[in-house]
Amino acid sequence: MPSRINGACTRVGSAGWVVPSCTMTAASAPPLAGRRALVTGAASGIGAALARRLAADGAAVLAVDRDEAGLAELTRATTGVEAVPCDLSDLAAVDALPAEVDVLVNNAGLQHVAPIPEFDPDRFSLILRVMLEAPFRLARRALPHMYAQGWGRVVNVSSVHGLRASPFKAAYVAAKHGLEGLSKVIALEGAAHGVTSNCLDPAYVRTPLVERQIADQARSHGIDADAVVEQVMLAPAAVKRLVEPEEVAELAAVLYGPASASITGASLSMDGGWTAH
Ligand code: NAD
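Summarised in this report is the structure supplied together with it.

Quick notes on the rules
Numbers given for residues are sequential positions, taken from 1 along each chain in its written order. Side-chain atom pairs in this predicted model are given and counted only at pLDDT of 80 or more, local residue features only at pLDDT of at least 70, and totals for whole chains, interfaces and linings cover all residues. Side-chain numbers come from the whole structure's heavy atoms, not from hydrogens or water. Any residue with a heavy atom lying within 4 Å of a molecule or strand is counted as near it. The term polar contact refers here to a pair of N or O atoms within 3.5 Å; inside protein, the definition further demands a hydrogen-donor-capable atom paired with an acceptor-capable atom, and it admits residues adjacent in sequence only when both atoms are side-chain atoms. Exposure was quantified through the Shrake-Rupley algorithm and a 1.4 Å probe, taking into account, for residues, occlusion by the shown protein chains and nothing else. For helices the rule is a DSSP run of H or I covering at least 4 residues; for strands it is a run of E covering at least 2, with both sets numbered from the N terminus onward. Only strands joined by at least two bridges in the DSSP assignment are considered to pair. Helix axes are fitted to C-alpha atoms over the stretch in contact, other axes to C-alpha atoms as well, and angles between N-to-C directions run from 0 to 180 degrees. For the exposure calls, accessible area comes from a 1.4 Å probe over protein chains only, and a residue counts as buried if that area is under 20% of its type's maximum, exposed if over 50%, partly exposed in between. Each reported salt bridge corresponds to a side-chain nitrogen of Lys or Arg within 4 Å of a carboxyl oxygen of Asp or Glu. Angles below 35 degrees are treated as roughly parallel, those above 145 as roughly antiparallel, those between 65 and 115 as roughly perpendicular, and all remaining angles as oblique. By the definition used in this description, the sense in which the near helix is turned from the far one sets the handedness, with an anticlockwise turn below a right angle giving left-handed and a clockwise turn giving right-handed. Working rule for contacts: check all heavy atoms of both residues, and any pair within 4.5 Å makes them a contact. All amino acids are sorted into three groups, where Ala, Val, Leu, Ile, Met, Phe, Trp, Tyr, Cys and Pro are nonpolar, Asp, Glu, Lys and Arg are charged, and the leftover types, Gly among them, are polar. Take the number of residues in a helix, subtract one, and multiply by 1.5 Å to get its expected span. Seen with its strands pointing away from the viewer, a crossover is right-handed if its path from the first strand over the helix to the second goes clockwise.

Glancing now at the site of the ligand. Near the ligand lie 30 residues; those nearest to it are D65, N107, Y172, V205 and T207. Within the side chain of K176, one N or O atom sits 2.8 Å away from an oxygen atom of the ligand. R212 has a polar side-chain atom sitting 3.2 Å from an oxygen atom of the ligand. Relative to its unbound accessible area of 820 Å², the ligand is 96% covered by the protein chains. For the shell around the ligand, the elements supplying multiple residues, two or more each, are α2 (45–56), α6 (170–190) and α7 (208–221). Element by element, the count of residues in the shell around the ligand is highest for α7, at four residues.

To continue, consider the sheet that holds strand β8 (residues 152–157). Read across the open sheet, the seven strands follow the order β6-β5-β4-β7-β8-β9-β10; overall the sheet is parallel. Edge positions in the sheet fall to β6 (81–85) and β10 (267–270), since each of these pairs with one other strand and no more. Going from strand to strand, the sheet's axes swing by 20 degrees on average, the running direction of each strand aside. Of the pairings in the sheet, the one linking strand β7 (residues 103–106) to β8 comprises four bridges and is parallel in character. Considered in β8, the bridge of L104 is made with V154.

Take the environment of K176 next. Locating K176 in the fold gives a position in helix α6. For K176, a relative accessible area of 3% translates into the label buried. Separated by 20 residues in the primary sequence, K176 and N156 have C-alpha atoms spaced 9.5 Å apart. At a separation of 2.8 Å, a polar atom in the side chain of K176 contacts the main-chain carbonyl oxygen of V157.

Think of it this way: side chains of opposite charge can pair up when their charged atoms draw near. Tallied over the entire structure, the rule returns seven salt bridges. The partner of R52 in a salt bridge is E246, and the shortest N-O contact between them spans 3.5 Å. Of this pair, R52 sits in helix α2 while E246 sits in helix α9 (residues 245–256), and the two are 194 residues apart along the sequence. E247 is the partner of R241 in a salt bridge, and the nearest nitrogen-oxygen pair spans 3.0 Å. Bridged by salt links that share partners, the residues R53, D57 and E250 form one connected network.

Contact geometry for α2 and α9: axes closest at 8 Å, N-to-C directions at 50 degrees. With respect to α9, the axis of α2 lies oblique. Two packed elements cross with a definite hand, and for α2 against α9 that hand is right-handed. Along its contact with α2, which presents G45, I46, A49, L50, R52, R53 and L54, the element α9 presents P245, E246, V248, A249, E250, A252, A253 and Y256. Class assignment for the residues of the contact of α2 with α9 results in ten nonpolar, one polar and four charged.

What follows is about α2. Given a rise of 1.5 Å per residue, twelve residues ought to cover 16 Å, and the 17 Å separating the end C-alpha atoms of α2 matches this to within 8%. Buried residues dominate α2, accounting for nine of its twelve residues. Among the residues making up α2, those that are buried are G45, I46, G47, A48, A49, L50, A51, L54 and A55. Of the residues flanking the end of α2, it is G58, one or two places downstream, whose phi is positive at about 100 degrees.

Burial along β7 is two-sided: V103 and V105 facing one way and L104 and N106 facing the other are all buried. You can see the chain leave β7, run along helix α5 (residues 121–149) and come back into β8, and the turn it takes is right-handed.

It is worth spelling out the pairing of strand β4 (residues 36–40) at this point. Every other side chain in a regular strand lies on the same face of the sheet, so the side chains alternate between the two faces. Counted residue by residue, β4 has four buried out of five residues, so it is predominantly covered. In this fold, the crossover linking β4 to strand β5 (residues 60–65) by way of α2 has right-handed handedness.

The next subject is unusual backbone geometry. Glycine aside, the phi torsion of most residues is negative, and most peptide linkages are trans. Even without glycine at this site, F168 takes up a positive phi of about 75 degrees. Relative to the assigned elements, F168 resides in the loop between β8 and α6.

Below is the structure:
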């Protein structure tokens, strides 16, 4: 007989192991029915795609962002998503966000490009706060709830820049490398409580964050937008295309799906072969 263990439909295999039985859940209930997810940076780009996917997979989604207009657009178009306006650089506000969260998606991010001698220290501090300290605070608050129920998923939207550096992106690269470390510690501490933690590591994804970079670089290099994508952004990748936000959401779904119990402390690359070098 199938049963629900760690949130997934399971059966007992021939050797006595409990194994996922995906076909049994597919027709009955979506994988996150009855679960609550919190997604940061949900008003735009990857976060919006993640929020839509989590809602389609049955979760009640808390969409956190400082962009209230973007949140309004998301909630208007998607059922099961609730807007939670919050500036994640305000750590007191982060500590006031709901703690009863089953799937925590740390996604909000911002970029600043400058050589280190000219890098504004306040900007560095802001980026570390939003992209590393806020994820720590959110995990710190959500983990006791996840531990109490013996199930939880932490999905950290890192980047190829969590694994590789690029010049002029000191804060972003430092924050993403830090997030990779935080994710692994959560994985080790959470394992005994049915909690997994992983990083998603895409290269360039077609979002407003990247559209802004394309425009900036086109101006500074004196070349057109297509040339920036081909000659600058896709230069280190073997697969010469931008990733789509929905592809990142598809990979995230693996991390909370029926085969996810043993995927933890991992960094899942979606970088067109960038890190194969
Ligand atoms: P985006 O600019 O489209 O979305 C980022 C969201 O984060 C925005 O809605 C913004 O309002 C929100 N945000 C920023 N600062 C905030 C703050 N202080 N408080 C609350 N919300 C805040 O960018 P995106 O490309 O969708 O990026 C999402 C994540 O994916 C980021 O962590 C980014 O580093 C990562 N990522 C992006 C790419 C890419 O190429 N686009 C590649 C790898 C990783």
